[in-house]
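# Coordinates in review
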Amino acid sequence: MGVNGIFCIMMLLGLLYAAATGRADAAQRALLSGGGEAVALLLNLAGAYAFFGGLLGVLRACGAADALARAMEKPLSRLFRFAPGEEEALSDISLNLSANMLGLGGAATPAGISAMKTMARANPNGRASNAMILFLVVNTSSVQLLPTTMIALRAQAGAANPADIVLPTLLATAASTVCGVGICRLLALCIAVILAGLLARTNVYDAFVRGAEEGLATLIQIAPCLCAILSATALWRETGLLTALTDGLKPVFAALRLPGEAASVVLLRPLSGSAALAAVNDVIRQCGVDSRAARLACAISGASETVFFTASLYLGAADVKRARHAVPAALLAYAAGVLAAARLV
């Protein structure tokens, strides 16, 4: 199922539910607000894309990206089994995976999109290759060493031990990654990139500016994709379809040892990161920050990624028309992570 299928199904289900429940006004508001949310998100992302795009430009210009690619060439080649021409994406894949593990999502996304574009050029028929599908699934499984957002949220809510979700989150995200298949933080990364550029006698400023231009150009390219998927997500939310699905699936969640209060997080996480974060906050308020439902909601959110958002972002940027089994594989990986979290928390 490609981005076109995802979008059509979400829109049709949302509109049919709105018509059946007499919520046409809510549907209209949702469709308009979805476009506004996309614009707001793009503005928020613009600075990060320009900044991290600039850092990636310096890394490429000074040869550090190629050095990282050479160091990871054997394990990554065995994992992805590149088709001819796709191995040129090794440096961007290495940067993407490294940044994801360190929790630097802002740096991971531009590198990931660049990797998808490079692999797409080796497959000009608009069909996702096996390596592209696996790369997307690995990204949606959200491998990271430290779920900083969830730890911060629990600390703000007064958890007795905010970091006690780290081990379940790590194990859950490992489970989802296997199913689908911190050396430094931001300041240290910036210093290392600049020093690498200077040591290689690279014009750091020019390389940064070129990288920032590429980052902003990518942002403009993905704008329509974001507008479409966020409009469909808003439609589900505002018409009450998500609430209806959550209530209807509570018996299924109970059978899987998932608290009903965490059902909204399970459904929202593949669709919208901000909506899932709000749902986690609601669970913490309703059940208490140290309750099993709240800890499980944090573990699920920290061990996963927005599947539909990431799929539309990466596949849209690479102009992939036929995604093959990319989205079903990512959803199965997400389900594995959810089930693992339910057993571990």
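Everything below is about the structure shown above.
Let me sum up the structure you'll find in this document. Note that the structure is a prediction, hence the values are computed from the model and not measured. (Residues numbered from 1 in each chain as written. Predicted model: local features only at pLDDT ≥ 70, side-chain atom pairs only at ≥ 80, totals over all residues. Heavy atoms only, no water.)

## As for the side chain of Ser129
- Mapped onto the fold, Ser129 is located in the loop between helix 6 (105–121) and helix 7 (130–140).
- At 2.5 Å, the side chain of Ser129 and the side chain of Glu86 are in polar contact.
- Excluding residues that lie within four positions of it along the chain, Ser129 makes contacts with Glu86, Asn123 and Arg324. (Helix = DSSP H or I, 4+ residues; strand = E, 2+ residues; numbered from the N terminus. Polar contact = N/O pair within 3.5 Å; in protein donor to acceptor, adjacent residues only side chain to side chain. Contact = heavy atoms within 4.5 Å.)

## Quick word on the nonpolar core
- Membership of the largest hydrophobic core comes to 75 residues, with the highest contact counts inside it found for Phe80, Ile93, Met116, Met119, Phe135 and Ile300.
- Broken down by element, the residue count for this core peaks at 9 residues, all from helix 18 (residues 326–344).
- Look past the residues within four positions of Ile300 in its chain and what remains in contact with it is Leu258, Val265, Val266, Tyr334, Val338 and Ala341. (Core = buried A, V, L, I, M, F, W, Y, C linked by side-chain atoms within 4.5 Å. Buried < 20%, exposed > 50% of the residue type's maximum accessible area, 1.4 Å probe, protein only.)

## What to know about the pattern of salt bridges
- Counting across every chain of the model gives 1 salt bridge.
- Across the salt bridge formed by Lys250 and Asp247, the nearest N and O atoms sit 3.8 Å from each other.
- Under the relative-accessibility criterion, Lys250 is labelled partly exposed at 37%. (Salt bridge = Lys/Arg side-chain N within 4 Å of Asp/Glu carboxyl O.)

## Side note on unusual backbone geometry
- For Arg81, which is not a glycine, the phi torsion comes out positive at approximately 50 degrees.
- Tracing the backbone through its elements, the reader meets Arg81 in the loop between helix 4 (73–80) and helix 5 (90–101).
- Residue classification places Arg81 among the exposed positions, given a relative accessible area of 68%.
- Residues other than glycine seldom take positive phi values, yet Arg257 does so here, at roughly 65 degrees.
- Inspection of the secondary structure assignment puts Arg257 in the loop between helix 13 (250–255) and helix 14 (263–268).

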